[in-house]
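Coordinates in review
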Amino acid sequence: LSWEELSGVYANGAEFSFIVDCVIFGNASNVYYQTVKLGWIAAESEIAVSDVAVDFGQTDLGDTQTATVTIYNLGNANLTLQSVLTLQGDLGQFGFMPLQVIPMTLEPNGSVDVEVVYTPAAAGMDEAILQVYSDDPRMPCVEILLVGEGLETEITLSEQMQAILDFY
């Protein structure tokens, strides 16, 4: 009984390598047979994201900050993204650019970028959760924390006076 490495390339180009049991039988004529015991390799999708939290920092009211979150398929089977949504308060300061097509399929080692935006509607701290649902058997929902702080724009006395003059 010995341990050997079986390696190669799947039809989709992904490499594999496994340690297998080997038994070598022989007889007096020096004829040898090698038996290799193989098991089934389960194909599974596996979701991962580039960030588990995105901090947009301080942003003036009315301005917009953007960030990119990348969704990866680290598995050896196709991953289907079923939905992407945000959970947040009534003001809805956070959003994302919609993906072209949902559901979307990512091949093994594939990825897609999601552009997330923050536009504060009131001064103060804001939080939301970006949820990504997929067919990953171990983690069907991935959550990404989104945070930012809205700042009131302070204008000087001369800027206030100029704004009043511009109005009249």
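Residues numbered from 1 in each chain as written. Predicted model: local features only at pLDDT ≥ 70, side-chain atom pairs only at ≥ 80, totals over all residues. Heavy atoms only, no water.

**Some details on the packing of aromatic side chains**
Centre distance and the angle of the planes are the two values used to describe a pair of aromatic rings. Taken as a whole and assessed by the stated rule, the structure comprises three aromatic pairs. With centroids separated by 5.9 Å and ring planes inclined at 45°, the aromatic side chains of F56 and F94 adopt a geometry described as tilted. Taken together, the residues span a long stretch of sequence, with F56 in strand 5 (residues 53-60) and F94 in strand 8 (residues 94-96) at a distance of 38 residues. Comparing F56 with F94, the two get one shared label, buried. Relative to Y118, the ring of F94 lies with its centre 4.7 Å away and its plane at 25°, an arrangement referred to as stacked. Residue F94 is found in strand 8, and its partner Y118 is found in strand 10 (residues 111-118); the two are separated by 24 residues along the sequence. For F94, a relative accessible area of 4% gives the class buried. The exposure class assigned to Y118 is buried, which follows from its relative accessible area of 0%. By the ring-pair criterion, three or more aromatic residues cluster together here, those being F56, F94 and Y118. (Phe/Tyr/Trp six-rings, centres within 6.5 Å; stacked < 30°, edge-to-face > 60°. Helix = DSSP H or I, 4+ residues; strand = E, 2+ residues; numbered from the N terminus. Buried < 20%, exposed > 50% of the residue type's maximum accessible area, 1.4 Å probe, protein only.)

**Points about the environment of T70**
Here T70 is to be found in strand 6 (residues 65-73). Between the C-alpha atom of T70 and that of A48, which follows or precedes it by 22 residues, the distance is 8.4 Å. Aside from chain neighbours lying at most four places away, what touches T70 is A48, V49, S50, S111, V112 and D113. Here the side chain of T70 touches D113 through a polar contact of 2.6 Å, side chain to side chain. (Contact = heavy atoms within 4.5 Å. Polar contact = N/O pair within 3.5 Å; in protein donor to acceptor, adjacent residues only side chain to side chain.)

**So, the side chain of Q131**
With respect to the helices and strands, Q131 occurs in strand 11 (residues 124-134). Within polar-contact distance, the side chain of Q131 engages the side chain of E143 at 2.7 Å. Not counting residues within four places of it along the chain, the set of residues in contact with Q131 comprises S83, V84, L85, L87, C141, V142 and E143.

**Here's the deal with the side chain of T59**
Tracing the chain through its elements places T59 in strand 5. Overall, T59 belongs to the buried group, its relative accessible area being 1%. Among residues more than four places away in sequence, those in contact with T59 are Q65, Y118, P120, E149, G150 and L151.

**Focus on the pattern of salt bridges**
In total, this model carries one salt bridge according to the counting rule given. In this structure, R138 engages E44 in a salt bridge whose closest nitrogen and oxygen atoms are separated by 3.1 Å. Of the two residues, R138 is situated in the loop between strand 11 and strand 12 (141-151) and E44 in the loop between strand 3 (32-37) and strand 4 (47-49); the sequence distance between them amounts to 94 residues. (Salt bridge = Lys/Arg side-chain N within 4 Å of Asp/Glu carboxyl O.)

**What about a nonpolar patch on the surface?**
Together, I164, F167 and Y168 make up an exposed nonpolar region whose accessible area comes to about 460 Å². Checked against the element boundaries, I164 lands in helix 1 (residues 157-167). Residue I164 is classed as partly exposed on the basis of its relative accessible area of 48%. (Patch = residues over 30% accessible without salt bridge, like charges linked within 9 Å, V, L, I, M, F, W, Y side chains within 5 Å. Areas by Shrake-Rupley, 256 points an atom, 1.4 Å probe, with all protein chains shown as cover.)

**Points about the sheet that holds strand 6**
Spatially, the four strands line up as an open sheet ordered 4-6-10-8, and their pairing is antiparallel. Of all the strands in the sheet, the pair left with one neighbour each is strand 4 and strand 8. Geometrically, the sheet is characterised by an average inter-axis angle of 25° between neighbouring strands, direction not taken into account. (Pairing = 2+ DSSP bridges. Axes fitted to C-alpha atoms, helices over the stretch in contact; angles between N-to-C directions.)

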